[in-house]
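# Observations on the three-dimensional arrangement
In case you want the letters, here they are:
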Amino acid sequence: MKRTVSLAQAGAEEVALPERVQEALAQLVGSAKEGLLALSVGVGLGVLAELMEEEVIGVVGAKGKHDPDRVAVRHGHESGEVTLGGRRVAVERPRVRSADGRAEVRSRTYEYFADRDPMTRSVLERMLAGVSTRRYLRTQEPVGSEVELAARSTSKSSVSRTFIERTRRSLDELMSRRLDDVRLAVMMIDGLELQGRTNVVALGITTEGVKIPLGLWEGSTENATVATALLSDLVERGLDPEQGILFVIDGAKALRKAIRNVFGDAPVHRCVRHKERNVLDHLPERERPGVKQRLRRAWALDNHDRALEQLRALAGELDRSYPGAAGSLREGMEETLTLTRLGVTGNLKRTLESTNPCESMIEIVRHTQRNVKRWSSGEMALRWTAAGMLEAERQFRKIIGYRDLATLVIAIERNNDRRRHADATHTPSKEAAIVLSA
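Attention in this report is confined to the structure presented alongside it. These figures come from a predicted structure and were not determined experimentally. (Residues numbered from 1 in each chain as written. Predicted model: local features only at pLDDT ≥ 70, side-chain atom pairs only at ≥ 80, totals over all residues. Heavy atoms only, no water.)

## Side note on the packing of helix H8 (residues 224–236) against helix H9 (residues 253–263)
For the pair H8 and H9, the least separation of the axes is 8 Å and the interaxial angle reads 35°. For the pair H8 and H9, the crossing hand works out as right-handed. Touching Ala 224, Ala 227, Thr 228, Leu 231, Ser 232 and Val 235 of H8 are Ala 254, Leu 255, Ala 258, Ile 259, Asn 261, Val 262 and Phe 263, all from H9. Looking at the contact of H8 with H9 residue by residue, the classes come out as ten nonpolar, three polar and no charged. (Axes fitted to C-alpha atoms, helices over the stretch in contact; angles between N-to-C directions. Helix = DSSP H or I, 4+ residues; strand = E, 2+ residues; numbered from the N terminus. Left-handed = near helix turned anticlockwise from the far one by under 90°. Contact = heavy atoms within 4.5 Å. Nonpolar A, V, L, I, M, F, W, Y, C, P; charged D, E, K, R; others polar.)

And the structure:
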């Protein structure tokens, strides 16, 4: 049989809310006047206090109930801080000690919300988005005047320290990545100029078309020691030097030498955009459009011999009037046709014939650094560049033409097999060497 209760009876049965709850509700009413977000923050801090108290009860037991088998006891409260909206906010946290008083019992709830990583991540993202340390406080969400007054870690110096800490971690993360299981089809290497400083950056493209920032080093692509150190570091981190990799570079001789030293006779393709600029820089303005058109027409051919023939013919024509342009074109000419020689065509050829994929990453890095007015040290440049490269990785998509990468890998392996066979054929035996030396 259902029981019916009148409104009067219900009112008589109401129990007065505890004073603690009434105080909390009063605070929430004040927060609600400042907006929904401030109200949510107030609720969240209240829930956090309840969660910490519930954890204490689970360890110690309810107040007022003696438990002879208890393993821990309450030890009052102390001031603490949690991360909230890119700032540190003060809270009161309960303390618990072991029953014998020798050790503090950790509060997992407090440790979770006190973690500084969400704040350092917020600082990193806003700084890379172009927010200066002076304006950082303005970009934060409103959390209520009472919470705001108690918040800290939002000053210019504090934000700067947090950013330095986070970018150091980004640099360590990038330079300690293991590459044992990475199967690369292409590696692009280029230089990034930073107001008189230069960083060499390496971008990998896997056999599935995924772009991966591989590493960076302070120095220029014209420095063989720097280039060798960068490539050797990749090998030390697990990259297999025997796997067939196509290197796309800007044409620096030191970089070419470093690739040979570390990866042997790996195929190297010279960026056609760099080569084009180098050639045109030796010509007067009136001659540049015609030469540029002929260069691009030759590089667009899928027949290696015809393309090489056209480039040689152009160099021959430039010899008399512009020998500097002719010499620049002849230098590394055949390596501008490496993709054509390997049989790569279509979208994949257009993607890999220049270092544009690497340049795209560098442009994102430059964008994240646009507010930097002075590079105080090489370490600062490395930190910012590493953070920018990891930020760029979040925006990466597969390269255009990635479905044809399997064809490229097979062509590279065949190319390497032919070279090994040719080396073995032309290497004299020990007996022949003795006869020749005699």
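Additional details are given in the paragraphs that follow.
## Let's talk about the environment of Glu 173
Tracing the sequence through the fold places Glu 173 in helix H7 (residues 156–175). C-alpha separation for the pair Glu 173 and Gly 215, spaced 42 residues apart in sequence, amounts to 9.9 Å.

## As for the side chain of Thr 385
Tracing the backbone through its elements, the reader meets Thr 385 in helix H17 (residues 378–393). Thr 385 sits in the buried class, given a relative accessible area of 0%. A distance of 2.7 Å separates a polar side-chain atom of Thr 385 from the backbone oxygen of Ala 381. Leaving out residues up to four positions away in the same chain, Thr 385 has contacts with Leu 192, Leu 194, Asn 199, Val 201, Leu 216, Val 365 and Gln 369. (Buried < 20%, exposed > 50% of the residue type's maximum accessible area, 1.4 Å probe, protein only. Polar contact = N/O pair within 3.5 Å; in protein donor to acceptor, adjacent residues only side chain to side chain.)

## Topic: the packing of helix H12 (residues 304–321) against helix H13 (residues 323–330)
Between H12 and H13, the least distance of the axes is 6 Å, while the angle of their chain directions is 155°. When the interaxial angle is binned, H12 and H13 end up roughly antiparallel. The handedness of the crossing between H12 and H13 is left-handed. Contacts from Leu 311, Leu 314, Ala 315, Gly 316, Leu 318, Asp 319, Arg 320 and Ser 321 of H12 reach H13 at Pro 323, Ala 325, Ala 326, Leu 329 and Arg 330. Partitioning the contact of H12 with H13 into residue classes produces eight nonpolar, two polar and three charged. (Parallel < 35°, antiparallel > 145°, perpendicular 65-115°, else oblique.)

The values reported here are purely geometric and, on their own, carry no functional implication.
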